[in-house]
Amino acid sequence: MAKIIDGKKISQEIKDELKEKAASLQAQGKTGALAVIQVGEDPASSVYVRNKKNACAYIGIDSLAYELPEETTEEELLRLVAELNEKEQVKGILVQLPLPAHICEDKVIQAISPKKDVDGFHPQSVGAMTIGEPGFLSCTPAGIIQLLKRSQVEIEGKHCVVIGRSNIVGKPMALLMLRENATVTIAHSRTRNLAELCKQADILIVAIGKPRFIGAEYVKEGAVVIDVGIHRNENNKLCGDVRFEEVEPIASAITPVPGGVGPMTIAMLMSNCVQSIEEG
Ligand code: GUN
């Protein structure tokens, strides 16, 4: 029987710590707002954006919402980002992804000042993380490190297999585990003998983006399994990349979906916002 890693509880602890920190910063006259930009009305994005605004309200930091129509041009969006870069009170800028196809996401990410890049997506933030310099960490991978540490999972010296190589999760995840002195293997959809490789992992981090793809044959007895996937099944119920009921009896610890990695992303976004306010 695995220990269930409770992301809801751990994220709540982090948000409560941040709430205290934000109040003490405010007492020193340090305040600031998170600007959240959404282009179009993708329903999943609308839920994420609402959750981010609610988290700001809970922590006690201001949020500014920019809800732009689907037809917004790249130039208009870049102009807004440039304006927000200059606004003293705005300490964080978040452009919700995905953007409509006519807007180049990389161009928009690169337009955000690295000082306000609370998503940690700017190449300067990624570069700083890679060489261990200070900067904003990508929220989902940073949240997974917190989940592991706060669940007393030892990372140093362990073999960690990360399945997935996206810029948002897989790549930064592998780098952060390396920074914690794990031995890291990055696997992906073209990896040969994926199950055999995964079975060597002490810590298996699954961000493959395929519903219920990882079953018992991928998991070593006693491994720690982190499921980054979030999907809706045919009954509209949430599920991850891992077949939870099949893997849970083998693992020593596992994250559920929902209530595992998901809530940690927003907690770490709030952590980056508070850090930005602190740094002024
Ligand atoms: N879309 C899905 N996840 C994220 C995220 O972490 N940040 C932003 N900006 N957009 C997203």
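Below or above, wherever it landed, is the structure these notes cover. (Residues numbered from 1 in each chain as written. Predicted model: local features only at pLDDT ≥ 70, side-chain atom pairs only at ≥ 80, totals over all residues. Heavy atoms only, no water.)

Observations regarding the overall build of the protein chain
Part 1 of the reasoning: Along the protein chain, the regular secondary structure elements total ten helices and eleven strands.
Part 2 of the reasoning: Computed over the C-alpha atoms, the radius of gyration of the protein chain is 19 Å, within 12% of the 19 Å expected from 2.2 N^0.38 for a compact globule of 280 residues.
Part 3 of the reasoning: Each of the three principal axes of the protein chain carries a C-alpha extent, and together these read 50 × 40 × 40 Å.
Part 4 of the reasoning: Evaluated residue by residue, the protein chain yields a buried proportion of 49% over its 280 residues.
Part 5 of the reasoning: The contacts of the protein chain with a sequence gap of at least 6 include a subset with a gap of at least 24, amounting to 71%.
Part 6 of the reasoning: Working note: accessible area of the protein chain is about 13600 Å², and carbon and sulfur atoms make up 50% of it.
Part 7 of the reasoning: Counting 31 positive and 37 negative side-chain charges, the protein chain places the centres of these two groups 2 Å from one another. (Helix = DSSP H or I, 4+ residues; strand = E, 2+ residues; numbered from the N terminus. Rg over C-alpha atoms; globule rule 2.2 N^0.38 Å. Buried < 20%, exposed > 50% of the residue type's maximum accessible area, 1.4 Å probe, protein only. Contact = heavy atoms within 4.5 Å. Areas by Shrake-Rupley, 256 points an atom, 1.4 Å probe, with all protein chains shown as cover. Lys, Arg positive; Asp, Glu negative; His and termini not counted. Charge placed at Lys NZ, Arg CZ, Asp CG, Glu CD.)

Description of the pattern of salt bridges
Part 1 of the reasoning: The tally for this structure, following the rule as stated, stands at eleven salt bridges.
Part 2 of the reasoning: Between Arg150 and Glu13 there is a salt bridge; the shortest N-O distance is 3.9 Å. Of this pair, Arg150 sits in helix 6 (residues 139–150) while Glu13 sits in helix 1 (residues 7–27); the two residues are 137 residues apart in sequence, bridging distant segments of the chain.
Part 3 of the reasoning: Note on Arg150: relative accessible area 28%, which makes it partly exposed.
Part 4 of the reasoning: Put simply, Glu13, Glu17 and Arg150 are held in one network by salt bridges that share partners. (Salt bridge = Lys/Arg side-chain N within 4 Å of Asp/Glu carboxyl O.)

Looking at the pairing of strand 5 (residues 159–163)
Part 1 of the reasoning: Among the five residues in strand 5, five count as buried, and that is most of the element.
Part 2 of the reasoning: Side chains of strand 5 alternate between two faces, with His159, Val161 and Ile163 and Cys160 and Val162 buried alike.
Part 3 of the reasoning: In terms of strand pairing, strand 5 meets strand 6 (residues 183–187) through five bridges, oriented parallel. Each bridged residue has a counterpart across the sheet, and for Ile163 the counterpart in strand 6 is Ala187. (Pairing = 2+ DSSP bridges.)

So, unusual backbone geometry
Part 1 of the reasoning: In this structure, Pro98 follows Leu97 across a cis peptide bond, with omega equal to 0°.
Part 2 of the reasoning: Turning to its location among the elements, Pro98 is positioned in the loop between strand 4 (90–95) and helix 4 (105–111).
Part 3 of the reasoning: Of note, the bond from Val257 into Pro258 is cis; its omega dihedral lies within 30 degrees of zero at 0°.
Part 4 of the reasoning: The residue Asn193 is not glycine, and still its phi comes out positive at about 50°.
Part 5 of the reasoning: Note on placement: Asn193 falls in the loop between strand 6 and helix 8 (194–198).
Part 6 of the reasoning: Look at Asn193 and you get exposed, because its relative accessible area is 53%.

Points about the sheet that holds strand 8 (residues 224–227)
Part 1 of the reasoning: One open sheet accounts for six strands, arranged 1-11-8-7-5-6; its pairing is parallel. Each end of this open sheet is capped by a strand with a single partner; those strands are strand 1 (3–4) and strand 6.
Part 2 of the reasoning: Note: strand 8 against strand 11 (residues 253–254), two bridges, orientation parallel. Note that in strand 11 the partner of Val224 across the bridge is Ala253.

Some words on the site of the ligand
Part 1 of the reasoning: Close contacts around the ligand come from Lys52, Leu94, Val95, Gln96, Leu97, Asp119 and Phe121, and that covers them all.
Part 2 of the reasoning: Leu97 places a main-chain nitrogen or oxygen 2.9 Å from a nitrogen atom of the ligand.
Part 3 of the reasoning: One of the side-chain N or O atoms of Asp119 is found 2.6 Å from a nitrogen atom in the ligand. (Near = heavy atom within 4 Å. Polar contact = N/O pair within 3.5 Å; in protein donor to acceptor, adjacent residues only side chain to side chain.)

Some details on the sheet that holds strand 2 (residues 33–39)
Part 1 of the reasoning: A sheet is described by the order of its strands in space; here three strands give the open sequence 3-2-4, paired in parallel fashion. Edge positions in the open sheet fall to strand 3 (62–68) and strand 4, since each of these has one partner strand only. Strand-to-strand twist of the sheet, defined as the mean angle between neighbouring strand axes without regard to direction, takes the value 20°.
Part 2 of the reasoning: Here strand 2 runs beside strand 3; their pairing, made up of seven bridges, is parallel. In the sheet register, Val39 faces strand 3, and the bridge partner there is Leu68. (Axes fitted to C-alpha atoms, helices over the stretch in contact; angles between N-to-C directions.)

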